[in-house]
Amino acid sequence: VEGKLTYLRSLEVVTADKTVSIDDKSKILHIEPSTASVTLTLPASGIPVGFTFDVVNAKEGAYTIIQTEAGTLKAKHPGLSQAYSSATVYWTGSDWYAIGDLTPIV
C-alpha cells in the first residue's frame, strides 16, 4: 500500500512576551521581537501529556527566553540567542523539556 501523509502546521509570528496555551499545540512559534528579546512562559497546568511546539529565533541580534510558571525547564540552557536557532519544547505531564540550539541567558 502506498500513500502520502501530509501534515500542515500553524505558524505564529511572536513579537512580544507570550504565555503558551493549548491553542499553540504543534505550532511553529516564529520569534521576531519588537525589542531585544521575547519571553515564552510555559504554563504550570492545563496542558495534556505529549503537547509539543517548536520555537525559532528568527531575528538577528534578538534573544528568546523560555521559562516555566512553576517547576524547572529541563534543557541544556533556557534560551535561543542566535538568528535561526530553534528548539522543540514538550510536556511530559510533570516537566517541560526543550531540545535544540539552546544557549545561556545573556
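What comes next is a walk through the structure. (Residues numbered from 1 in each chain as written. Predicted model: local features only at pLDDT ≥ 70, side-chain atom pairs only at ≥ 80, totals over all residues. Heavy atoms only, no water.)

When helices and strands are tallied, the chain shows 0 helices and 10 strands. Taken from N to C terminus, the helices and strands of the chain fall in the order β-β-β-β-β-β-β-β-β-β. In terms of overall dimensions, the chain is globule-like: its C-alpha atoms have a radius of gyration of 14 Å, near the 13 Å expected for 106 residues. By its C-alpha atoms, the chain is 50 × 30 × 25 Å across when sized along the principal axes. Counting the 106 residues in the chain, one finds 38% classified as buried. (Helix = DSSP H or I, 4+ residues; strand = E, 2+ residues; numbered from the N terminus. Rg over C-alpha atoms; globule rule 2.2 N^0.38 Å. Buried < 20%, exposed > 50% of the residue type's maximum accessible area, 1.4 Å probe, protein only.)

Turning our eyes to something else, we now look at the pattern of salt bridges. Counting across every chain of the model gives 6 salt bridges. Of the charged contacts, one joins Lys 18 and Asp 24 as a salt bridge, the two residues approaching to 3.3 Å between their closest N and O atoms. Here Lys 18 matches Asp 24 in class, with each residue buried. Notably, a salt bridge pairs Asp 95 with Lys 74, separated by 3.8 Å at the nearest N-O pair. Residue Asp 95 is located in the loop between β9 (85-91) and β10 (96-100), and its partner Lys 74 is located in strand β7 (residues 73-74); the two are separated by 21 residues in the primary sequence. When salt bridges that share partners are traced, they join Glu 12, Lys 18, Asp 24 and Lys 27 into one network. (Salt bridge = Lys/Arg side-chain N within 4 Å of Asp/Glu carboxyl O.)

A separate point is the sheet that holds β10. Read across the open sheet, the 6 strands follow the order β1-β3-β5-β9-β10-β7; overall the sheet is mixed. With one partner strand each, in any of the chains shown, β1 (11-14) and β7 form the two edges of the open sheet. Here β1 runs beside strand β3 (residues 28-31); their pairing, made up of 4 bridges, is parallel. Counted as the bridge partner of Leu 11 is Ile 28 from β3. (Pairing = 2+ DSSP bridges.)

Turning our attention to the pairing of strand β5 (residues 52-57). With 4 bridges connecting them, β3 and β5 associate as parallel partners. Across the sheet, Ile 28 pairs through a bridge with Asp 54, a residue of β5. As defined by bridge partners, β5 adjoins β9 across 6 bridges and the pair is classed as antiparallel. When the sheet's bridge partners are listed, Val 55 is paired in β9 with Ala 87.

So, on to the sheet that holds strand β8 (residues 79-80). Across the sheet, 4 strands lie side by side as β2-β4-β6-β8; this open sheet has mixed pairing. The open sheet has two edge strands, β2 (18-19) and β8, and neither has a second partner. Pairing geometry for strand β6 (residues 63-68) and β8, over 2 bridges, is antiparallel. By the bridge assignment for β8, Ile 65 is matched with Gly 79.

This next bit is on the nonpolar core. Counting 20 residues, the largest nonpolar core has Leu 29, Leu 42, Phe 53, Val 55, Val 89 and Trp 96 as its most contacted members. Put simply, the parts of the chain that give this core at least two residues each are β3, β4 (37-42), β5, β9 and β10. If we ignore the near neighbours within four places in the chain, the residues touching Val 55 are Leu 29, Ile 31, Leu 40, Thr 64, Ile 66, Leu 80, Ser 85, Ser 86, Ala 87 and Val 89. (Core = buried A, V, L, I, M, F, W, Y, C linked by side-chain atoms within 4.5 Å. Contact = heavy atoms within 4.5 Å.)

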